[in-house]
Amino acid sequence: MDENEGAPTLLVVDGANVVGSVPDGWWRDRRGAAERLRDALVAVAGRGLPEHPGPLEVVLVVEGAARGVAGLPEVRVVEASGSGDDRIVELVRTARAEHPGRACLVVTADRELRSRVGALGAAVTGPRSVRA
């Protein structure tokens, strides 16, 4: 039996990319936009996504002016001290090393990031998958 069988999918969300995918004025309040995304991810954590039924372990990566967003029991918030993309790659690399058979899904539209995490064995989906 695989030790990762039954472990929830790890969903890593590129906060800046997902927030920036909708021109709703997010640039006026980046932290508030990240908080709204975090709140929307609570439902995703419970119900899951079409190819990844819930519950999911959700990690929202924030950077820049969005730092300082508090986590919730359903959504862990990780601050990137530098590049959010580098922090996401680091999270995926660590998750894959610790639990090689566990499903890992990254939410981003960034082509370079998609390639980097795909090379580590993570699946990728676009921002629409988690936007209400």
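Residues numbered from 1 in each chain as written. Predicted model: local features only at pLDDT ≥ 70, side-chain atom pairs only at ≥ 80, totals over all residues. Heavy atoms only, no water.

**Let's talk about the nonpolar core**
To keep things clear, this is the line we draw: Definition of nonpolar core: a set of buried residues of the types Ala, Val, Leu, Ile, Met, Phe, Trp, Tyr and Cys, connected through side-chain atoms within 4.5 Å. Note on exposure labels: buried denotes an accessible area under 20% of the residue type's maximum, exposed denotes more than 50%, and partly exposed covers the range between, all computed with a 1.4 Å probe on protein chains only. Only runs of H or I of at least four residues qualify as helices and only runs of E of at least two qualify as strands under DSSP, and these elements are numbered from the N terminus. The contact definition used throughout considers only heavy atoms, calling two residues in contact when any of these lie within 4.5 Å.
If you look at the biggest cluster of nonpolar residues, it comprises 23 residues, and the most contacted ones within it are L11, V13, L41, V58, L60 and V130. At six residues, helix α2 (residues 30-47) tops the list of elements feeding residues into this core. Beyond its immediate chain neighbours, meaning those up to four positions away, L41 contacts V13, V58, L60, V75 and V130.

**A few points about the pairing of strand β1 (residues 10-14)**
Rule in force here: Following DSSP output, two strands are said to pair if at least two bridges run between them.
Of all five residues that make up β1, five are buried, and the element is covered over most of its length. What you see with β1 is no split at all: L10, V12 and D14 on one side and L11 and V13 on the other are buried throughout. Bridging between β1 and strand β4 (residues 57-62) involves five bridges; their strand directions are parallel. Looking across to β4, one finds that D14 is bridged to V61. Pairing between β1 and strand β6 (residues 104-107): four bridges, direction parallel.

**Thoughts on the packing of aromatic side chains**
The criterion, for reference: Centres within 6.5 Å make a pair out of two Phe, Tyr or Trp rings, where for Trp the six-membered ring is used; the pair is then stacked when the planes are under 30 degrees apart, edge-to-face when over 60, and tilted otherwise.
In the structure shown here, the tally under the stated rule is one aromatic pair. For the pair W26 and W27, a centre-to-centre distance of 5.6 Å together with 80 degrees between the ring planes defines the contact as edge-to-face. With a relative accessible area of 43%, W27 lands in the partly exposed category.

**Let's talk about the environment of W26**
Counting through the fold element by element, W26 comes out in the loop between α1 (15-19) and α2. By relative accessible area, W26 is classed as buried at 19%. If near-sequence neighbours (up to four positions away) are discounted, W26 is found in contact with V19, G20 and A33.

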